Amino acid sequence: MAPGLVEPAVAPESVRSLSTLTNEYDETLRFYLNGTKVRLDRADPEVTLLEYLRGVGLTGTKLGCAEGGCGACTVVVSQYNPTTKVIYHASVNACLAPLVSVDGKHVITVEGIGSVKRPHPVQERIAMGNGSQCGFCTPGIVMSMYALLRNKPDPSEHDVEEAFDGNLCRCTGYRPILDSAQTFSKKSACEKTTSNGGSGCCMEKNGNGGGCCKDKDNVDGEVKDIKRFTPPGFIEYKPDTELIFPPSLRKHEFKALAFGNKRKKWFRPVTLQQLLEIKSVYPSAKIIGGSTETQIEVKFKGMQYTASVFVGDIPELRQFSFEPEHLEIGGNVILTDLEDIAKKAVEHYGETRGQPFAAILKQLRYFAGRQIRNVGTPAGNLATASPISDLNPVFVASNAVLIAKSLDQTVELPMSEFFKGYRVTSLPPDAIIASIRIPAARPKGEYLRAYKQAKRKDDDIAIVNSALRVVLDDSHIVKECDLVYGGMAPITISAKKADEVLKGKVWTDPATLEAVMNALEEDFDLRFGVPGGMATYRKSLALGFFYKFYNEVLADLAVEIVKVDHQAIGEIERIISFGKKDHDASLKYQQKILGKEAPHVAAMKQCTGEAQYIDDLPVHQNELFGRMVLSSKAHAKIVSVDVSAALELPGVYDYVDHTCLPNPEANWWGAPVCDETFFAVDEVFTAGQPIGMILADTSVHAENAVRAVKVVYEDLPAIFTIEEAIEKESFFDHYRYINKGDTEKAIKDADHVFTGVCRMGGQEHFYLETQACLAVPKPEDDEMEVFSGTQNPAETQTYVAQVLGVAANKVVCRVKRMGGGFGGKETRSIQLAGICAAAAKKVNRPVRCMLNRDEDIMTSGQRHAFLTRWKVAVNKDGKLQALDADVYANAGWSQDLSGAVVDRALSHSDGVYMIPNVHVRGRLAKTNTVSNTAFRGFGGPQGMFISETYMSEIADHLNIPVEKLRDINMYKPGEITHYNQELKDWHVPLMYKQVQEESEYERRRQECEEFNKTHKWNKRGMAIIPTKFGISFTAIFLNQAGALVHIYHDGSILLAHGGTEMGQGLHTKMIMIAAEALKVPQDAVFISETATNTVANTSSTAASASSDLNGYAIWNACEQLNERLEPYRQKLGSDATMKELAHAAYFDRVNLSANGFYKTPDIGYVWGPNTGQMFFYFTQGVTAAEVEIDTLTGDWTCLRADIKMDVGRSINPAIDYGQIEGAFVQGQGLFTTEELLWHRASGQMFTKGPGAYKIPGFRDIPQEFNVSILKDVEWENLRTIQRSRGVGEPPLFMGSAVFFAIRDALQAARKEFGEEEVLQLYSPATVERIRTSCADPIIKRATVTPKEGEKSFFLTI
Ligand SMILES: Cc1cc2nc3c(=O)[nH]c(=O)nc-3n(C[C@H](O)[C@H](O)[C@H](O)COP(=O)(O)OP(=O)(O)OC[C@H]3O[C@@H](n4cnc5c(N)ncnc54)[C@H](O)[C@@H]3O)c2cc1C
Ligand code: FES
Ligand code: FES
């Protein structure tokens, strides 16, 4: 048995009694799967529903995180619901669901609802509406929408907007998914919406205010119901054609079940009596409700429960009743039902008495995502006793009573006495939580409210939550009170001192507020280094929530003697989001195929689950699964590695490490500097560094064995942050600078010189498909085939050949598609490929490995954190004179691509501003963190962030609007950058103007100011941010590409090129280019994969240059073919089909295959002398954003964003819009919610999954999200294919407009309380940073300063 955290030892007699007790239980699971009956006589007790489904070949359901945080594994489980007595179609995270939970139910997967040939309307509309890019999230998103429609065939817009709170997508920016999904909603079912293929509904055109002409018919003030509208050419949604709920399941007899093996047994009692009997003979049997806590413990903490008891099918635990004085709910009602029950309870008891239920409802609104709420239960929330559980404070504050039952007794446990310590409760070991009695509030004088603040609004656990209750008499004297908080201590806790202080006080006496705030400070006197960090912020939330509550109660009391601070009341709410795009932008230059909007060629396959990713490939005969043994230390000597216990475990086959390589040199990899090893040898330099790989017959067996590997370390000192690296002079050799003019003199001569520090955190790629590889040795000649999720097949081939000790011609690397890349698979994928290949060679068997999300985050690098110390000289007129800056990037433990990343940051540190004298220097901090790597933008966003930071701070110093400062300094056409490149086709000034006009920036800015004058705690801010992004690899040799085009004599065309498809639509664009060039319809051209045996020596798909490079290589090949076909065109006429042409040419023995090639002309920058051209051209853009922040909590929303990009003559505007929206939202995440944290004590990364690391969700996107591409200009100097510009990376920096709008709002917030000092705001602007940047009295009193030598709990590097 692998060591893990194992349940307490159980006496053998208990085990025996249990088997006697459950002897009569049935062993067979019976359920329906996509309409077909399934009977499992020997179900594997250790598999989840996801593992089962994928094991039977239903690979459409994806594994994205295994922790319920991404929704990629969403399936629908239809069941008769014992609480509501109706059939409910629950969207469920298959990664958490135990197989036992589906007995008697109907499991529906993405394959069950449609196929490419016969798609479901949801699949079709998301595919055609460009709602799928890489497609890895798509099946889950389809299933969430499907669940909504099954439960509510006529959903409202609001239902649709909320349907995806348990799903994440990293590619699309969500807008197109929502647009497609809204076509099913009742309200926006207008045929004019762009998502319906119309020219734009009045709603889109008029903005939010007007509403849609079809929304309602205002005649006589009556609102008419609008029928659903099917977009032209789309399949109509007919609810009556859906898969039926199998009639036999209606009669399904829920029998008690018991099945399993020696290691693990599952029990599924169906009566409370059976459950209590089990608990009485076997108290440590683990109760499983929704499994949303327990499966995470099993997967990530190695908990092993030998006996698990699923209680989800015990009707007694899922009942509820309205009693005169209280609501009683069964312990295991699902949270979705609890929402309904709470709503009904508010109606039943009325608004006043129903306050506790309204508070429950409020907490449930932002409790996890729908998939979790569909299975999670209040008993699970209570028994987990997490200090941040959302329901627990409400239960405690409302004086709920928990009814605990064991076989021989029922006890009532008051909630106030339930939590005993960190995750310890007073529940007796043999008892279960049967029900919870929640008292209704009194008809008069009682007030109860609940609050929660998290890093992200949707699907996030609280930082602090609370439920605050008071009872006042007629003179407003406090008779009772319960101020209960989560997130402030190891348990849900009452603020005892504040409670004491409050009792007997007069609520309306202003001194009461002050006294309670003081007492709260004492109750929550957090120290700076408190576990969980954020001492100041958490304290400020505790105070802020009370301040809100105090005023809410005052407002209800409606007394005149005391002034209510009405603006502290309420929370930021979102409207139904919407947006518009200019679909006519390319009309002027459209050709037959190029320039037209066309969906991603694989979109339909992705929406139906037919698209295959690495882990979907069928298992090869004899295949083994690998799992890496990773360092748990940031820097240490490896004293010993003992794998003996691991190798003894069931299913384990072998262990591979550096000794298995052909020679020590084969262990080294990395480009351009080969400074990293595949396997650690005798020292580890970062936590997460691979030491070896265990091979076993299943992934789970390998995972268990990895836990049993004993590594003994000897700690060495470690460096984490850039500041530490500077102090200790820990740098890599790479050092570059750009020096133009005479900076020193300009600084001396200027009117003003300002200095500052600009700090920007890194970013996790969070592609939905983690790194994956399958290495298949061939029987002959040491050949190997490597299926890798890589942006870089050629380098993969090179290094696989190296670890095998063979020449490159023996290795083929194949890439069908990736579930997202964003730069994270440009080099870091090679690590896994090299290790899998070495393992496959050692055992001469195929080896597969798909990293768990936490392993992926720990091993595969991120966007670099940057620190810049800048000095800028500026004259009185606002003209910039000089920039002098030291730019440091945290490279991590090896160099990877860090040198090129910092180089690009240097070249982008001018932003879009003309600075005559520039001296910028870049260095790479060498630290003991993960090796940082390419990430969309590749240092460009970091460079431009420096520029917009100094622009903002200078404007504040000079006291002029930053918009004006930008105007004064913005490059004019033909001006020269600091690396001496002339700006041709320069459209930023034009777009800056257009965006201001189109977004009515001036008017809205004034409105913003008005709003800020009248709102004390909520502030609005705006920003308009320009971007210029240089396109070309800075390593010149990479600017080349190849293509291979075959025309078969049936006229079909097979295209291969060097670029890989990761969702960005590259293959779609390349097919369009080939089709246009060869004058064939688009569907005559097919791309099967990217492989090193069709196109050799490819550059990685990166730098936004892949369409330019591969597109021209394809064009070149097609030109050769056209030349050869010309005589046949002449002979057969211009109408001749490709079939006729190819046929004729073939019989004339004409070569119908061509190899195309392209290299970018002109470029050739030389670092140092500052000569030569750095970039082929610049992609440009401008974005205006408006935000609102709640300064009492740090909560915020983006009200509106208007983006305009110059992408030249777009090859496919639909794909380009997808890139723009997706990059913008990714950029917004970078600059706001996405914060990477390390545990200071262990040196390990803390933000290792969606639970702790927050990428934007559906309801984080701008409420109004408008995107356009520049039109009606000429691109005279643009010598790219179709004169298009690369678009993948450039829009990412546009997300910073949200950051700078937040900064603007913060300036107003600070001024409100007299703080005039220029704000230095580091990125990301998290809720914590927003709140702690304010200057009000509450934050001041909440501020916690470190004691001498005290360090924070978390580190940012
Ligand atoms: C992605 C994600 C997001 C989440 N977001 C939130 C959030 O926003 N807020 C929040 O508070 N929580 C959140 N959680 C935590 C979790 O979902 C909740 O705590 C949920 O209520 C647990 O219920 P469950 O039935 O799934 O528990 P399970 O995992 O089934 O069980 C949890 C514990 O409760 C015990 N238990 C279950 N039923 C009983 C019973 N009847 N009697 C005695 N013991 C019992 C189990 O033995 C186990 O110890 C989240 C979890 C995930 C995975
Ligand atoms: S894989 Fe299940 S939620 Fe992410
Ligand atoms: S399309 Fe959603 S993650 Fe890629």
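Within any chain, residue numbers begin from 1 and follow the written order of that chain's sequence. Here chains are named by letter from A upward and ligands by number from 1 upward, in the order in which they appear as written. Owing to the predicted nature of the model, reporting of local features is limited to residues with pLDDT of at least 70; listing and counting of side-chain atom pairs is limited to 80 or more, with chain, interface and lining totals taken over all residues. Derived side-chain values reflect all non-hydrogen atoms in the structure, with water molecules and hydrogen atoms excluded from consideration.

Within an unreviewed UniProt entry, the label attached to the chain reads xanthine dehydrogenase, and the organism entered is Tothia fuscella. UniProt positions are given in the numbering used here, feature names are shortened, and annotations may be inferred rather than shown by experiment. If you open the UniProt record of the chain and go to Sequence similarities (unreviewed entry), you find "Belongs to the xanthine dehydrogenase family." Turning to the chain, the UniProt record has this under Subcellular location (unreviewed entry): "Peroxisome".

Before going further, it helps to spend a moment on the overall build of the chain. The helix and strand inventory of the chain stands at 39 helices and 48 strands. The buried label applies to any residue whose accessible area, calculated with a 1.4 Å probe on protein chains only, is under 20% of its type's maximum; exposed applies above 50%, and partly exposed to all values in between. Expressed as a percentage of its 1357 residues, the buried residues of the chain come to 65%. Taking the contacts inside the chain whose residues are at least 6 apart along the sequence as the reference set, 77% of them involve residues at least 24 apart. The Shrake-Rupley method, run with a 1.4 Å probe, gives the accessible areas here. Residue values count only the displayed protein chains as cover. Accessible surface for the chain amounts to roughly 47400 Å². Of this, 51% is attributable to carbon and sulfur atoms. Each charge sign in the chain was given a centre, from 149 positive and 171 negative side chains, and these centres are 1 Å apart. Counting from the N terminus, the helices are DSSP H or I runs at least four residues long and the strands are E runs at least two residues long. Note on contacts: a residue pair qualifies if any of its non-hydrogen atoms lie within 4.5 Å across the two residues. For the charge count, each Lys or Arg is scored as positive and each Asp or Glu as negative, with His and the chain ends excluded. The atoms used to mark charge sites are NZ of Lys, CZ of Arg, CG of Asp and CD of Glu.

With that out of the way, let us pick up the confidence of the model for the chain. The quantity called pLDDT is the predictor's confidence in a given residue, expressed from 0 to 100. Mean pLDDT for the chain: 94, with 96% of residues reaching 70 or above. Across residues 1-5, where pLDDT falls below 50, the model places 13 contacts with residues more than four positions away in sequence or in other chains. Taken together, the stretch residues 189-224 has pLDDT below 50 and engages in 65 contacts with residues farther than four places along the chain or on a different chain.

Our focus in this paragraph is the environment of F578. Along the chain, the position of F578 falls in the loop between α19 (535-557) and α20 (603-608). Separated by 683 residues in the primary sequence, F578 and I1261 have C-alpha atoms spaced 9.7 Å apart.

As a further point, take the packing of aromatic side chains. Working definition: rings of Phe, Tyr and Trp (its six-membered ring) pair if their centres are within 6.5 Å, and the pair is stacked with planes under 30 degrees apart, edge-to-face with planes over 60 apart, and tilted otherwise. Tallied over the full model, the rule gives 43 aromatic pairs. Judged by centre distance (6.3 Å) and plane angle (70 degrees), the ring pair of F678 and Y799 falls under edge-to-face. Here Y799 lies in helix α25 (residues 793-804) and F678 lies in the loop between β25 (676-677) and β26 (683-684), a separation of 121 residues in the sequence. Both residues of the pair, F678 and Y799, count as buried. These aromatic residues form a ring-pair network of at least three members: F945, F1231, F1293, F1299 and F1300. Seen from the ring of Y767, K825 lies directly overhead, with NZ or CZ sitting 4.3 Å from the centre. Cation placement over rings: the criterion is NZ of Lys or CZ of Arg within 6 Å of the ring centroid and within 35° of the ring normal.

Here we come to helix α18 (residues 510-523). In a helix, the anticipated span is given by 1.5 Å times the number of residues less one. Taking 1.5 Å per residue, 14 residues should reach 20 Å; α18 reaches 20 Å between its end C-alpha atoms and fits that length. Among the residues of α18, those classed as buried are T512, L513, V516, M517, A519, L520 and E521. On its buried side, α18 packs onto β19 (478-486), α17 (496-502), α19 and α39 (1337-1342). Here a polar contact is taken to be a pair of N or O atoms separated by no more than 3.5 Å, where protein atoms must pair a possible hydrogen donor with a possible acceptor and residues adjacent in sequence count only if both atoms sit in side chains. Two or three places before A511, at the start of α18, stands the capping residue D509, its side-chain oxygen 2.9 Å from that residue's backbone nitrogen.

As a further point, take the UniProt feature "binding site: [2Fe-2S] cluster 2" (unreviewed entry) in the chain. Mapped onto this numbering, the UniProt entry gives "binding site: [2Fe-2S] cluster 2" (unreviewed entry) at C134, C137, C169 and C171. Spanning 38 residues, the named residues nonetheless gather at one spot, since no C-alpha pair among them exceeds 9.3 Å. Mapped onto the elements, C137 comes out in the loop between α4 (121-128) and α5 (138-151). Overall, the relative accessible area of 4% leaves C137 in the buried class.

For the rest of this paragraph, the subject is the side chain of R170. Assignment of secondary structure puts R170 in the loop between α6 (157-162) and α7 (175-182). On the accessibility criterion, R170 (5% relative accessible area) is buried. One polar contact links the side chain of R170 to the main-chain carbonyl oxygen of E764, over a distance of 2.8 Å.

With that out of the way, let us pick up the site of ligand 1. The near set for a molecule or strand comprises every residue that places at least one heavy atom within 4 Å of it. Lining the immediate surroundings of ligand 1 are 33 residues, of which I287, G289, T292, T377 and D390 lie closest. In this structure, T292 approaches ligand 1 through a side-chain N or O atom, which is 2.6 Å from an oxygen atom. Take T294: an N or O atom from its main chain is 2.9 Å from an oxygen atom of ligand 1. In the complex, the protein chains occlude 93% of the 970 Å² of accessible area that ligand 1 would expose alone. At the level of secondary structure, the elements contributing two or more residues to the shell around ligand 1 comprise β8 (286-288), α11 (294-301), α15 (378-384) and β16 (432-439).

Below, the discussion takes up the nonpolar core. Most often, soluble globular proteins keep nonpolar side chains buried together rather than apart. Residues belong to one nonpolar core when they are buried, are Ala, Val, Leu, Ile, Met, Phe, Trp, Tyr or Cys, and are joined through side-chain atoms within 4.5 Å. Counting 269 residues, the largest nonpolar core has F164, V470, Y485, W507, F546 and Y950 as its most contacted members. Of all the elements, α19 adds the most residues to this core, at 13 residues. If we ignore the near neighbours within four places in the chain, the residues touching F164 are I141, S144, M145, I177, L178, A181 and F1258.

For the rest of this paragraph, the subject is the UniProt feature "active site" (unreviewed entry) in the chain. The UniProt record marks E1289 with the feature "active site" (unreviewed entry), using the residue numbering of this structure. Within the fold, E1289 resides in the loop between β47 (1264-1269) and α37 (1296-1312). Judged by relative accessible area, E1289 falls into the buried class, the value being 8%. Beyond its immediate chain neighbours, meaning those up to four positions away, E1289 contacts R936, G937, F938, F1029, A1103 and S1104. Polar side-chain contacts of E1289 include one of 2.8 Å to the backbone nitrogen of G937.

A cluster of like negative charges, contributed by E780, D781, D782 and E783, occupies part of the molecular surface. Within the secondary structure, E783 sits in the loop between β31 (772-777) and β32 (784-788). Distance thresholds for patches are 9 Å for like charges and 5 Å for nonpolar side chains (Val, Leu, Ile, Met, Phe, Trp, Tyr), applied to residues having over 30% relative accessible area and no salt bridge. Basic side-chain nitrogens of Lys or Arg form a salt bridge, by our definition, when they fall within 4 Å of a carboxyl oxygen of Asp or Glu.

Here D1108 is to be found in helix α34 (residues 1106-1132). Of the side chains with opposite charge, K1069 lies nearest to the buried D1108, which makes no salt bridge, at 7.6 Å. Among the polar contacts made by the side chain of D1108, one reaches the side chain of Y1177 at a distance of 2.5 Å. Beyond its immediate stretch of four places on either side in the chain, D1108 contacts I1031, Y1158, Y1177, T1280, S1284 and G1286.

Moving on, we get to the pattern of salt bridges. Inspection of the entire model under this criterion finds 83 salt bridges. In this structure, the salt-bridge partner of K255 is D26, at a minimum N-O distance of 3.7 Å. One end of the pair, K255, is in the loop between α9 (247-250) and β6 (257-260); the other, D26, is in the loop between α1 (12-21) and β1 (29-33), and 229 residues separate them in sequence. Relative accessible area serves as the criterion here: at 18%, D26 is assigned to the buried category. In this structure, the salt-bridge partner of K362 is E571, at a minimum N-O distance of 2.8 Å. You can see K362 sitting in helix α13 (residues 355-365) and its partner E571 sitting in the loop between α19 and α20, a full 209 residues away along the chain. When its relative accessible area of 28% is taken as the criterion, E571 is described as partly exposed. One salt-bridge network, held together by shared partners, links R54, K62, D615, D616, E623 and R848.

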